[in-house]
Amino acid sequence: MNKFAIMADASCDLGEKYQKEYDIRIVYGHVNYPEVGEKPTYLKWEPAERDKFYKELSKNPDGYATAPPNIDEFKNAFEESAAKGEDVICITISGGISGAYNFAVQAKNEVLKKYPNARISVIDSLRFSIGHGLLVILAAKLRANGRSIDEVSAYLEDNKNRIHQCGWLDDLSFVAKKGRLTHSKAFFGKLAGVKPIGEFDYNGLTTVIGKVKGAKKAYSVLLNYLENTIENPSEQTIFIAQTNRYTQAVKYKEMIEERFKPKEVVIVDVFPFCGVNVGPGLMAAYYIGKPISKGLVTEKAMIEKLIKAEG
C-alpha cells in the first residue's frame, strides 16, 4: 500500500503548527490587496499583522479579492507526488463558494494522462475555514492509524456533513457581497446588538438559522445548540475561529470547557484567504456532531425553540 499525501487549499486555515503536526501540504491561492496587487496567500502572521489586516479590510472591503489555486497550481502539486509514486487526497474548500474543487478535478485528470497509475482523490469539503481544516485533520488522523486512501476518502464523503458551525457573525455584509448570503439577510446583521447564528448547510454555504438580541443570550443559545448537536465532546478537539473577536472567543472557549469538558478547545485565526470573504466579526465553534438535515429543517426548528426559551 502506497503512502499517500494529504493536501488542502489555503482556505483550511491550518497554520504551520498543524501542517507540521499532521503532515499536511497546502496548495496556496491568491489574495488581491489594494494598491499592492495580487500576492500568494499565507497561513502565518503576527497578531499585529492580523489586527492591521482586519482594520484595513473594514475600511476598504471592495479593495480585496481572492482566487483559489488555479489548475496548473493543483496540477504541479499532484504531479510532484505522482512522479514519486505517492498517492494523494486533496480536500478543497466548498464547491458551493469556490471553483477550487473543479480546478482540482481538472488538474487530476491532466496528471492521470501522464501518470495513469496515480491515485488522486479529490474531496469537496462543503466547508470553509477551520470547518474545512477539521476535516483535513480527521483525514490525517485516519492515515496515521493505517487507513488506506480508499478508506479515508470514503470516511470524508460519509462524514463531512457532520462538521458543524456554531457561532455568530456580527456583520453579514461581507459574506453577502461575496454571494454567500442575500443582502436582505445581511441587513439584520447590521442591527445593533443582533447576533446572527450561522450553521453549514447541505450546499456548503453558511445559512442564518436564527438571530439573537444581545451577547449574553447569544452565548446561552449557542451552548444549548452545541449540546443538542455535538457527539462525544470529551473525545474532541473543538476549534473556535475568530476574526477580530478574540476576547469573545476566549469567553466562548471558557464556557465550552466548563460545560462540555472536551479534550481541547483551540482558538484559531481566519487568515486572509477566507478573511476577505468573511470579514471582521466572526466568532464560531467547529466540531463533529449529528448529521445536518437537508434544508437545515431540524436545526432551524431547534434554534427557534432555544431562542424562545431565552425569552
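Up top you'll find the structure we're talking about.
Residues numbered from 1 in each chain as written. Predicted model: local features only at pLDDT ≥ 70, side-chain atom pairs only at ≥ 80, totals over all residues. Heavy atoms only, no water.

1. Comments concerning the pattern of salt bridges
And step 1. For the coordinates displayed, the defined rule picks out 18 salt bridges.
And step 2. With its nearest N and O atoms 2.9 Å apart, the salt bridge here joins Arg25 to Glu86. One end of the pair, Arg25, is in strand E2 (residues 24-27); the other, Glu86, is in the loop between helix H3 (71-83) and strand E6 (87-92), with 61 residues separating them in the sequence.
And step 3. Across the salt bridge formed by Asp170 and Arg245, the nearest N and O atoms sit 2.6 Å from each other. A residue pair is termed long-range when its members are at least 10 positions apart, and Asp170 in the loop between strand E8 (163-169) and helix H7 (173-177) and Arg245 in the loop between strand E11 (237-242) and helix H10 (246-260) qualify at 75 residues.
And step 4. Its relative accessible area of 14% is what places Asp170 among the buried residues.
And step 5. Within the structure, one salt-bridge network assembled from shared partners comprises Lys3, Asp23 and Arg143. (Salt bridge = Lys/Arg side-chain N within 4 Å of Asp/Glu carboxyl O. Helix = DSSP H or I, 4+ residues; strand = E, 2+ residues; numbered from the N terminus. Buried < 20%, exposed > 50% of the residue type's maximum accessible area, 1.4 Å probe, protein only.)

2. Brief notes about the sheet that holds strand E12 (residues 264-269)
And step 1. What the six strands build is an open sheet, ordered E10-E9-E8-E13-E11-E12; its pairing is mixed. The open sheet terminates on both sides in strands that have one partner only, identified here as strand E10 (206-213) and E12. The average angle at which neighbouring strand axes cross in this sheet is 20°, direction not considered. (Pairing = 2+ DSSP bridges. Axes fitted to C-alpha atoms, helices over the stretch in contact; angles between N-to-C directions.)

3. Focus on the packing of helix H9 (residues 215-229) against helix H12 (residues 297-310)
And step 1. Packing of H9 against H12 leaves a shortest axis separation of 10 Å and a crossing angle of 140°. Considering the angle they form, H9 stands oblique to H12. When you trace H9 past H12, the crossing you get is right-handed. Each of Lys217, Ser220, Val221, Asn224, Tyr225, Asn228 and Thr229 in H9 lies in contact with H12, whose residues at this interface are Glu299, Met302, Ile303, Leu306, Ile307 and Glu310.
And step 2. Per-class residue counts for the contact of H9 with H12 are six nonpolar, four polar and three charged. (Parallel < 35°, antiparallel > 145°, perpendicular 65-115°, else oblique. Left-handed = near helix turned anticlockwise from the far one by under 90°. Contact = heavy atoms within 4.5 Å. Nonpolar A, V, L, I, M, F, W, Y, C, P; charged D, E, K, R; others polar.)

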